[in-house]
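Structural description and commentary
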Amino acid sequence: MRWHSQAKRSIPSVCFGAFRLDHFDGLIPFDFKTKPAESNSKYLVNLLSLELTYFCSGLLFAAVVRRRVWDYGFTVTLLHVLITSLVMLEFPMVWQWWLALGSGLFLMICNGQLIAYFTCQGDQTYASFSIY
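I will try to describe carefully the structure that is included in this document. (Residues numbered from 1 in each chain as written. Predicted model: local features only at pLDDT ≥ 70, side-chain atom pairs only at ≥ 80, totals over all residues. Heavy atoms only, no water.)

**Thoughts on the overall build of the protein**
Within the protein, the regular secondary structure consists of four helices and zero strands. The N-to-C order of helical and strand elements in the protein reads α-α-α-α. When the 132 residues of the protein are sorted by exposure, 38% land in the buried category. Within the protein, counting contacts between residues at least 6 apart in sequence, those at least 24 apart form 63% of the total. A total of about 8300 Å² of accessible surface is found on the protein, and carbon and sulfur atoms cover 67% of it. (Helix = DSSP H or I, 4+ residues; strand = E, 2+ residues; numbered from the N terminus. Buried < 20%, exposed > 50% of the residue type's maximum accessible area, 1.4 Å probe, protein only. Contact = heavy atoms within 4.5 Å. Areas by Shrake-Rupley, 256 points an atom, 1.4 Å probe, with all protein chains shown as cover.)

**Brief notes about the packing of helix α2 (residues 41-64) against helix α3 (residues 69-88)**
Remark: α2 packs on α3, axes separated minimally by 10 Å, with the N-to-C direction vectors making an angle of 140°. It follows from the interaxial angle that α2 and α3 lie oblique. As for the relative orientation of α2 and α3, their crossing is right-handed in sense. Here α2 contributes Leu50, Tyr54, Phe61 and Ala62 to the contact with α3, which in turn contributes Val69, Tyr72, Gly73, Val76, Thr77 and His80. Within the contact of α2 with α3, the residues separate by chemical class into seven nonpolar, three polar and no charged. (Axes fitted to C-alpha atoms, helices over the stretch in contact; angles between N-to-C directions. Parallel < 35°, antiparallel > 145°, perpendicular 65-115°, else oblique. Left-handed = near helix turned anticlockwise from the far one by under 90°. Nonpolar A, V, L, I, M, F, W, Y, C, P; charged D, E, K, R; others polar.)

**Structural notes on the packing of aromatic side chains**
In total, this model carries five aromatic pairs according to the counting rule given. Centre to centre, the rings of Phe61 and Tyr72 are 5.8 Å apart; their planes meet at 40°, and the pair counts as tilted. Taken together, the residues span a long stretch of sequence, with Phe61 in helix α2 and Tyr72 in helix α3 at a distance of 11 residues. Geometrically, the ring pair formed by Phe91 and Trp98 is tilted, given 5.7 Å between the ring centres and 40° between the ring planes. In textbook terms, an aromatic cluster arises when at least three aromatic residues are bridged by ring pairs, as seen for Phe32, Phe91, Trp97 and Trp98. (Phe/Tyr/Trp six-rings, centres within 6.5 Å; stacked < 30°, edge-to-face > 60°.)

**Some remarks on the packing of α2 against helix α4 (residues 95-119)**
Two numbers describe a pair of packed helices, the interaxial angle and the distance between the axes. It is at 7 Å that the axes of α2 and α4 come closest, and there the two elements cross at 25°. Taken together, the axes of α2 and α4 are roughly parallel relative to one another. Like other packed secondary-structure pairs, α2 and α4 cross with a definite hand, here right-handed. Seen from α2, the contacting residues are Tyr43, Leu47, Leu50, Glu51, Tyr54, Phe55, Ser57, Gly58, Leu59, Phe61 and Ala62; seen from α4, they are Gln96, Ala100, Leu101, Ser103, Gly104, Leu105, Leu107, Met108, Asn111, Gly112, Ile115 and Ala116. Here the residues of the contact of α2 with α4 are counted per class, giving 15 nonpolar, seven polar and one charged.

See the structure below:
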């Protein structure tokens, strides 16, 4: 789990440097109040870091858990929404944020589940899709 927390910090840092923002905001993983626009670099950093973090989390869950990546994906997303609400002191009502969160969740589940499925095909204990 240590790698996951380092990835959550390093991805926003790389995005921050790539977009050359003036101020590094520690709220990057939780900020849904930034006005969504293609010309807003802070919004693009928030969006890109969210999607890349979810993608890397799917790879991590596939490597560690090897089954039911979707369950871990939903749990992490629910925790993310709860922590976001606590940090920002408001429930997110911005549809663009929910769309980005949903697409990240879909990306995490799909890539993680497919990688877990293909790497564990020879494993007799791995649950096949027929039991779902």
